[in-house]
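Below, each chain spelled out in residue letters.
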Amino acid sequence: MTQVISVRFRGGCKNYYFDPKELQIKMGEQVIVETSQGPEFGTCTEGNHEVDDSAIVQPLCAVMRRATDTDRRTVEYNRKKESEAFDICEKKIADHGLEMKLVNVSASFDGSKIIFFFTADGRVDFRELVRDLASVFRARIELRQIGVRDETKLVGGLGICGRPYCCSQFLDSFLPVSIKMAKTQNLSLNPTKISGACGRLMCCLKYEQDAYEDAQKRMPKQESFVQTPDGPGNVKAVDLLHETVKVSLDESPESLKCYHNCEVCVLRNGKGSREGIEIPSERPERYVEEKPEELMRPVIASPLFIDSTLEDAPVREKMNEEGGKPRRRHRGGRRRSGGAKAEQAPKQEKMQAEKPVKPAKVEKKPAKPVKAVHPKEESAATETGEAKRRRRPHHRGGRHHRGGNGGNTPAAE
């Protein structure tokens with residue numbers, strides 16, 4: 001066992017082991033490590049831990065130091081230098097008329113080497129281009145031709161699933177993918193649906209291939225002769241994910257019926273004749289899905305609900321004994337009959353009895369002086385009042401009923 005740390009460099013998803021020496025480095029710290037290309041700046045993805053000797057590629061490079069602020073400023077300067085080198089290299093390619101596409105530029109930590117990544121359909125003679133770039137940057141120039149999958153990994157982007165490309169996120173190496181995987185998973189063989197942005201088959205076809213191959217071993221093939229709970233028939237379609245098959249029965253070949261894998265007994269796997277195959281008299285049992293048990297939820301009753309049920313309990317019992325129906329309540333909780341009032345009367349009397357009786361306040365008002373009225377004035381007042389009553393109209397609207405026409409026309413004299 002050897003103690004190492006895992007380091008990841010910029011633009012890569014692969015972890016490399018380095019000897020920490022006597023340093024205790026934690027995950028997330030930035031370090032300067034020694035590589036075959038010179039010192040490089042990287043990030044620790046896993047602190048000090050032990051691995052088997054067989055997992056280490058000898059000789060094991062060591063960690064030089066923890067990154068300082070000066071090292072970080074050097075990295076920022078290199079990033080600006082890379083963007084300038086990208087523009088200059090594109091102009092040089094156009095001047096030389098080379099059929100190549102520049103993808104990315106990477107400068108070493110010490111600035112002694114600059115690597116240019118490009119794609120091309122065939123071989124390109126870029127010797128003159130290297131001389132021009134070396135005279136401009138005064139550093140070692142290296143041009144690397146990469147494939148379309150490496151180009152997608154360096155550039156990055158979003159796939160049809162809406163997530164970043166797997167190759168630029170976590171894949172440390174490209175997995176071999178074949179068209180057989182798409183056939184096994186019953187996918188459409190349309191190239192636009194099963195291909196990624198790089199134009200090659202999608203890497204995610206490899207993820208579920210093992211599960212499909214395992215299910216394929218247990219499931220019958222198409223055109224297999226099987227025995228079902230409804231009788232013998234031939235398999236017309238297979239669903240590996242749900243582990244179900246669609247069978248064309250001998251009794252009703254026009255309609256297809258769906259069965260679970262455990263409901264089917266395979267008499268002949270694959271295409272062939274039925275000669276010499278004995279159909280068993282016993283039929284498989286039907287598959288019944290087990291429903292998950294319902295979780296017992298605690299019932300929390302409010303005090304208002306409890307009180308209302310306790311109050312109405314004797315009334316309901318009484319109504320059940322009499323064989324009648326409980327009386328309906330109006331809106332607002334009132335009842336039509338006076339039964340509720342009779343029940344509430346003792347409660348109200350009890351509440352009034354419990355309340356303390358306060359003495360009533362008697363207000364003494366001063367007596368008004370009595371006016372002396374002359375007998376002639378009193379008789380005149382009564383006469384004017386009787387005359388007003390006789391002249392008062394009968395209808396409230398102020399209209400007089402004359403001549404039976406509602407007062408619209410004057411009465412005939």
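Residues numbered from 1 in each chain as written. Predicted model: local features only at pLDDT ≥ 70, side-chain atom pairs only at ≥ 80, totals over all residues. Heavy atoms only, no water.

Draft legend 1. A look at the environment of Arg 163. Within the secondary structure, Arg 163 sits in the loop between helix 3 (148–155) and helix 4 (166–169). Owing to a relative accessible area of 59%, Arg 163 belongs among the exposed residues under this scheme. Excluding residues within four positions of it along the chain, Arg 163 makes contact with Gly 157 and Leu 158. (Helix = DSSP H or I, 4+ residues; strand = E, 2+ residues; numbered from the N terminus. Buried < 20%, exposed > 50% of the residue type's maximum accessible area, 1.4 Å probe, protein only. Contact = heavy atoms within 4.5 Å.)

Draft legend 2. Local environment of the sheet that holds strand 9 (residues 225–228). If you walk across this open sheet you meet the five strands as 12-11-10-9-13, and the pairing is antiparallel. Edge positions in the open sheet fall to strand 12 (257–260) and strand 13 (265–268), since each of these has one partner strand only. With strand direction ignored, the average angle separating the axes of adjacent strands in the sheet is 45°. As paired strands, strand 9 and strand 13 are joined by three bridges and run antiparallel to one another. From the neighbouring strand, Gln 227 faces strand 13, where its bridge partner is Cys 265. (Pairing = 2+ DSSP bridges. Axes fitted to C-alpha atoms, helices over the stretch in contact; angles between N-to-C directions.)

Draft legend 3. Spotlight on the nonpolar core. One finds Met 100, Phe 116, Leu 133 and Leu 143 to be the most contacted residues of the largest nonpolar core, which totals 18 residues. Contributing elements (two or more residues each) for this core: helix 1 (69–96), strand 6 (101–107), strand 7 (113–119), helix 2 (127–137) and strand 8 (140–145). Each residue touching Phe 116, except ones within four places of it in the same chain, is listed here: Ala 85, Cys 89, Leu 102, Asn 104, Val 105, Leu 133, Phe 137, Ile 141, Glu 142, Leu 143 and Arg 144. Grouped together as the second largest cluster of nonpolar side chains are 12 residues, Met 219, Val 226, Val 247 and Leu 249 included. (Core = buried A, V, L, I, M, F, W, Y, C linked by side-chain atoms within 4.5 Å.)

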